[in-house]
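Structural overview for review
Each chain is listed here by its residues.
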Amino acid sequence: MPGFTHESSDVAVRFHRESEWFLFSRVDGLFLWRIQANSERAVELFHRLAAHLDVVVDVAIEHPRDGTAWNGALRALQDVREAIGRARWPLASYGGVEFTLITPDDQLSLMPSLELVIYSRRDAWHARLEAEGVRQRATPPTAQWRSGDVPWAPAPELTAALAVLTSRLALEPGT
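In this report, the structure presented in the accompanying data block is examined.

1. Looking at the pairing of strand β5 (residues 98–102)
Bridge count for strand β3 (residues 56–63) against β5 is 5 bridges, and the pairing is antiparallel. Residue pairing across strands places V59 opposite L101, the latter belonging to β5. When β5 meets strand β6 (residues 106–110), the two strands line up antiparallel, connected through 4 bridges. The residue of β6 that forms the bridge with L101 is L108. Here β5 hands over to β6 after 3 residues, the two strands then running antiparallel side by side.

2. Notes on helix α3 (residues 77–86)
Looking only at α3, the buried set comprises L77, V80, A83 and I84. In an axial view of α3, the angular spread of the buried residues amounts to 125°, which keeps them on one side of the axis. Residues Q78 and R86 are exposed on α3 and point more than 90 degrees away from its buried face. The inward-facing, buried residues of α3 contact α2 (39–50), β3, β4 (68–76), α4 (88–94), β5 and α6 (156–168).

3. Some words on the packing of α2 against α3
At their nearest, the axes of α2 and α3 sit 10 Å apart, and the two run at 165° to each other. In this view, α2 runs roughly antiparallel relative to α3, as classed from their interaxial angle. Handedness of the α2/α3 crossing: left-handed. Of α3, the residues touching α2 (which contributes F46, H47, R48 and A50) are L77, R81, I84 and G85. Tallied by class, residues from the contact of α2 with α3 come to 4 nonpolar, 2 polar and 2 charged.

4. Comments concerning the packing of aromatic side chains
Scanning all chains against the criterion turns up 5 aromatic pairs. Centre to centre, the rings of F31 and W33 are 6.0 Å apart; their planes meet at 25°, and the pair counts as stacked. With centroids separated by 5.9 Å and ring planes inclined at 90°, the aromatic side chains of W89 and Y94 adopt a geometry described as edge-to-face. Here a set of aromatic residues connected by ring pairs shows up, and it is made of F24, F31 and W33. R26 extends its terminal NZ or CZ atom over the ring of F31, reaching a point 4.3 Å from the ring centre. In this structure, R128 is placed above the aromatic ring of W125, and the distance from its NZ or CZ to the ring centre is 4.7 Å.

5. Observations regarding the pattern of salt bridges
Applying the stated criterion across every chain yields a total of 9 salt bridges. With its nearest N and O atoms 3.5 Å apart, the salt bridge here joins E44 to R41. With E44 and R41 both in helix α2, this residue pair falls 3 residues apart, about one helical turn. A relative accessible area of 6% places R41 in the buried class. In this structure, E82 and R86 form a salt bridge, with 3.0 Å as the shortest nitrogen-oxygen distance. With E82 and R86 both in helix α3 and 4 residues apart, this pair spans about one turn of that helix. R86 gets classed as exposed once you look at its relative accessible area, which sits at 55%.

Rules and cut-offs
- Residues numbered from 1 in each chain as written.
- Predicted model: local features only at pLDDT ≥ 70, side-chain atom pairs only at ≥ 80, totals over all residues.
- Heavy atoms only, no water.
- Pairing = 2+ DSSP bridges.
- Helix = DSSP H or I, 4+ residues; strand = E, 2+ residues; numbered from the N terminus.
- Buried < 20%, exposed > 50% of the residue type's maximum accessible area, 1.4 Å probe, protein only.
- Arc of directions from axis to C-beta.
- Contact = heavy atoms within 4.5 Å.
- Axes fitted to C-alpha atoms, helices over the stretch in contact; angles between N-to-C directions.
- Parallel < 35°, antiparallel > 145°, perpendicular 65-115°, else oblique.
- Left-handed = near helix turned anticlockwise from the far one by under 90°.
- Nonpolar A, V, L, I, M, F, W, Y, C, P; charged D, E, K, R; others polar.
- Phe/Tyr/Trp six-rings, centres within 6.5 Å; stacked < 30°, edge-to-face > 60°.
- Lys NZ or Arg CZ within 6 Å of the ring centre and 35° of its normal.
- Salt bridge = Lys/Arg side-chain N within 4 Å of Asp/Glu carboxyl O.

In structure tokens form, the structure reads like this:
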């Protein structure tokens, strides 16, 4: 298109950056970040931020749609990130899964609403989020809608992806 230019060729910068933000607080001596982004970016950030965790993590997954949960201790981060990468599309498309990675100092969670939440004993995540292009806000924007208590719609593709993921990571059924 003649005369049409972009300040950046980075697609992530051109699309949806204004909708990516985080809130920061301290709760009972822990640092807390709540991160909002569009669904695909939230799952991408979950995958990318997980790279900053210890090489071994504990995994907890809850799938309220099916009433199932899985847990696994001392899983190799590399294997966990690979499994997340393979399940990106159904996680971003359907949401409704709480996926948590835990180390002695950090907890990184992808919530059912596709919000990311980080609890940490150290203040290391602020710079990492900004390096990803996510900016801090003082307050959240006004909500345009609320999900309420609407039941989750069936998502067979997500259920199948979780079955593969939990099997690949040898996770145990949990509560």
